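# Residue-level structural notes
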Amino acid sequence: MALIRKSNTICSRALKILQPSSSAFSPSGAGNAQSQSVDKQTCNWIPAKRLHSFKRPNLHVIRNQLARFEGGSVELEMNNDTGIAILTLNNPRRMNSMTGKMMVDMADKVSELEEWHEGKALIMRGADGNLCTGGDLTFVRKALHYGEEMAAYQHDTLTRLLNLPLISVALVQGHTLGGGAELSTACDFRVMSSSAKIGFVQIKMGLSTAWGAATRLTRLLGRRKAIDLLCSAKILLPDAALREGLVDYVLPKICTDELAETTNWLLRNLCAYDTNITRVVKSLVVSAELSMDHYQALDAERKLFGQTWGGPVQRKMLDANVKHK
Ligand SMILES: CCCC(=O)SCCNC(=O)CCNC(=O)[C@H](O)C(C)(C)COP(=O)(O)OP(=O)(O)OC[C@H]1O[C@@H](n2cnc3c(N)ncnc32)[C@H](O)[C@@H]1OP(=O)(O)O
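Residues numbered from 1 in each chain as written. Predicted model: local features only at pLDDT ≥ 70, side-chain atom pairs only at ≥ 80, totals over all residues. Heavy atoms only, no water.

## Describing the overall build of the protein
Let me state the cut-off plainly: Working definition: helices are DSSP H or I runs of at least four residues, strands are E runs of at least two. Numbering for both runs from the N terminus. For every residue, the accessible area (1.4 Å probe, protein chains only) is compared with the maximum for its type, and the residue is labelled buried under 20%, exposed over 50%, or partly exposed between those bounds. We call two residues in contact when some of their heavy atoms are within 4.5 Å.
Scanning the protein for helices and strands turns up 15 helices and 11 strands. The buried share of the protein, reckoned over its 325 residues, is 45%. Across the protein, the fraction of contacts at a sequence separation of at least 24, relative to all contacts at a separation of at least 6, is 72%.

Below, the structure written as structure tokens:
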């Protein structure tokens, strides 16, 4: 009981320190001093100064609009025994491409995960063998006037997903294209099926990244590889995706249950230790990445470390005289 109380305190402190969505939508978080964008009407560059003046979007209003574009769903199963949750994009007739309603569903599921204190990890996958082929083109055609609002909503959801105190893995299966490839970058890791294909094909569709992948991909792979993947629209097979560093593990060819194999990979490699310490460590990495200030990140790290030091898990391990052979 004491362990649970102390652990919950640690995690709620971690979350307070991180304040998940604040960096994505504060006026000062809209871009850094170097960033520029293109005006849709004229294709002129918008200087960074003007980007900073964009208003914080009203996500509640956007939510109500998106919910009107029906089709598909996003399902969540949380397993308190394994500590692993499964988030499933479910629109298989259209290869799990996302409608407005699915965006709203996903935001709600991420909110549930934010409140799930027993969790250690999350696997995002698609129903029936494809992760996702981006925006549902039926929805896209009807929502051509609503791009910036949709992007704002997805940025909020995916930033919250990335910053969860859970280790997240995208199961890249079948076709993972456009916005689907973007979704995969909102997870900490990517495990790829040996028969899957992944590609940021937005530029071919006359678009830049819609759901925040330029920002995440640049952090993940660096400027050169991000430009290469986004501007070439190349579709990568598993070997190439692994070589580029876009995915972390390719499932064996003889694999009858890809979800079970991904779960085992997670359990073997990243989920072997205490749930609450794992959550704190994940939160610290988020904090270090979000923080522009090295000293602020160290400050958060010191405060959270202070909560684990002398705690029941450490005491138990000291008593057990563990040898790291
Ligand atoms: C808003 C974010 C920005 C973006 O995501 S931009 C990228 C949007 N995505 C796309 O353009 C993908 C378009 N689709 C394709 O290229 C092909 O369907 C794909 C994925 C290569 C699969 O090819 P095939 O294996 O030949 O299968 P298929 O074309 O017969 O597809 C099976 C059924 O799925 C449907 N589908 C796949 N992706 C979709 C999408 N994004 N929106 C709506 N429907 C989609 C496709 O239309 C087909 O349905 P149906 O059998 O014709 O009723």
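## Some points on the site of the ligand
Inclusion rule: For this purpose, a residue is taken to be near a molecule or strand whenever a single non-hydrogen atom of the residue falls within 4 Å of it. Whenever a nitrogen or oxygen atom comes within 3.5 Å of another N or O atom, the pair is scored as a polar contact, on the condition that within protein one atom can donate a hydrogen and the other can accept it, and that pairs from neighbouring residues in sequence are kept only if both atoms are in side chains. In short, Shrake-Rupley with a 1.4 Å probe defines the accessible areas, and a residue's cover is counted only from the protein chains shown. Put simply, Ala, Val, Leu, Ile, Met, Phe, Trp, Tyr, Cys and Pro go in the nonpolar bin, Asp, Glu, Lys and Arg in the charged bin, and everything else, Gly too, in the polar bin.
Every one of the 17 residues lining the ligand counts as a neighbour, but Thr133, Gly134, Gly135, Leu137 and Gly179 are closest to it. Between Arg93 and the ligand, the recorded distance is 3.3 Å, taken from a backbone N or O atom to an oxygen atom. In the model, a nitrogen atom of the ligand is placed 2.8 Å from a nitrogen or oxygen of the Leu137 main chain. Relative to its unbound accessible surface of 980 Å², the ligand loses 58% to contact with the protein. Split into classes, the residues belonging to the shell around the ligand amount to seven nonpolar, seven polar and three charged.

## Things to note about the packing of aromatic side chains
For the record, the criterion: Ring pairs shown here join Phe, Tyr and Trp side chains whose ring centres sit within 6.5 Å, with only the six-membered ring taken for Trp; geometry is labelled stacked below 30 degrees between planes, edge-to-face above 60, and tilted in between.
For the coordinates displayed, the defined rule picks out three aromatic pairs. Through pairs of rings, three or more aromatic residues link up here, namely Phe189, Tyr249 and Trp265.

## Description of the sheet that holds strand β9 (residues 197-199)
Stated formally: A pair of strands is treated as paired once DSSP finds two or more bridges between them.
A sheet is described by the order of its strands in space; here three strands give the open sequence β7-β9-β10, paired in mixed fashion. The open sheet has two edge strands with one neighbour each: β7 (175-177) and β10 (235-236). Where β7 meets β9, three bridges bridge the pair, whose relative direction is parallel. Following the sheet pairing, Thr176 is matched in β9 by Ile198.

## Section: the packing of helix α9 (residues 213-221) against helix α10 (residues 223-232)
To be explicit about the condition: Fitting a line to C-alpha atoms yields each axis, with helices limited to the stretch in contact; the angle taken between N-to-C directions then spans 0 to 180 degrees. Throughout this description, any angle smaller than 35 degrees is read as roughly parallel, any larger than 145 degrees as roughly antiparallel, any in the 65 to 115 degree range as roughly perpendicular, and the remainder as oblique. Put simply, a crossing is left-handed when the front helix is turned counterclockwise from the back one by less than a right angle, and right-handed when it is turned clockwise.
Where α9 contacts α10, the two axes come as close as 7 Å, and the packing angle between them is 135 degrees. One element, α9, and the other, α10, form an angle in the oblique class. Like other packed secondary-structure pairs, α9 and α10 cross with a definite hand, here right-handed. Between α9, through Ala214, Leu217, Thr218 and Leu221, and α10, the contact on the second element is made entirely by Arg223, Lys225, Ala226, Leu229 and Leu230. Looking at the contact of α9 with α10, its residues break down into six nonpolar, one polar and two charged.

## Section: the sheet that holds strand β8 (residues 189-192)
Taken together, six strands build an open sheet; the order of strands is β3-β4-β5-β6-β8-β11 and the sheet is mixed. What marks the edges here is a single partner per strand, and that holds for β3 (73-79) and β11 (249-250). Sheet analysis places strand β5 (residues 121-126) next to strand β6 (residues 167-172), joined by four bridges and oriented parallel. In the sheet register, Ile123 faces β6, and the bridge partner there is Val169.

## Focus: helix α12 (residues 258-269)
Residue pairs spaced three or four apart in an α-helix point in one direction, given the helix's 3.6 residues per turn. Selection criterion: For a helix, the expected span equals 1.5 Å multiplied by the residue count minus one. Directions from the helix axis toward the C-beta atoms define the arc.
Spanning 12 residues, α12 covers 16 Å between terminal C-alpha atoms, matching the ideal 16 Å at 1.5 Å per step. Among the residues of α12, those classed as buried are Glu258, Thr262, Thr263, Trp265 and Leu266. Projected onto a plane normal to the axis of α12, the buried residues spread over an arc of 155 degrees and lie on a single side. Looking at the packing, one finds that the buried side of α12 touches β4 (84-90), β5, β6, β8 and β11.

## Topic: the side chain of Ser97
Mapped onto the fold, Ser97 is located in the loop between β4 and α5 (100-114). Ignoring anything within four residues of it in the chain, the contact list for Ser97 reads Asn91, Met102, Cys132, Thr133, Gly134, Gly135 and Asp136.

## Section: the packing of helix α4 (residues 59-66) against helix α7 (residues 147-162)
It is at 10 Å that the axes of α4 and α7 come closest, and there the two elements cross at 110 degrees. Looking at the two axes, α4 sits roughly perpendicular to α7. Between α4 and α7, the residues in contact are Leu59, Ile62, Arg63 and Leu66 and Glu149, Met150, Ala152, Tyr153 and Asp156, respectively. Residue composition of the contact of α4 with α7, grouped by class: six nonpolar, no polar and three charged.

## Overview of the state of the cysteines
Put plainly, a disulfide is one covalent bond tying together the sulfur atoms of two cysteines. Condition: The disulfide definition used here is simple: a pair of cysteine sulfur atoms within 2.5 Å.
Inspection of the entire model under this criterion finds zero disulfides. No disulfide involves Cys132; its sulfur sits 12 Å from that of Cys187, the nearest cysteine. Here Cys132 falls in the buried class, since its relative accessible area comes to 0%.

## A few points about the side chain of Arg216
Quick reminder of the rule: Only four residue types enter the tally: Lys and Arg on the positive side, Asp and Glu on the negative side; His and the chain ends are excluded. One side-chain nitrogen of Lys or Arg within 4 Å of one carboxyl oxygen of Asp or Glu is enough to make a salt bridge.
Turning to its location among the elements, Arg216 is positioned in helix α9. Buried within the structure, Arg216 lacks any salt-bridge partner; Glu182 is the closest side chain of opposite charge, at an N-O distance of 4.5 Å. Contact partners of Arg216, with chain neighbours within four places excluded, come to Leu158, Leu162, Glu182, Thr185, Ala186 and Trp211.

## What about the nonpolar core?
As a reminder of what qualifies: Nine residue types can take part in a nonpolar core, namely buried Ala, Val, Leu, Ile, Met, Phe, Trp, Tyr and Cys, and a core is a set of them joined through side-chain atoms within 4.5 Å.
Within the largest apolar cluster, 36 residues are counted, with the highest numbers of intra-cluster contacts made by Leu66, Met98, Met106 and Met124. Ranked by the residues each element gives to this core, the list is headed by α5, at seven residues. Setting aside its immediate chain neighbours within four residues, Met124 contacts Leu87, Leu89, Met106, Leu131, Val169, Ala170, Leu171, Leu183, Ser184 and Cys187. In terms of nonpolar packing, the next biggest core, distinct from the first, is built from 18 residues, Ile198, Leu230, Ala240 and Ala241 among them.

The values are spatial; any link to function lies outside them.
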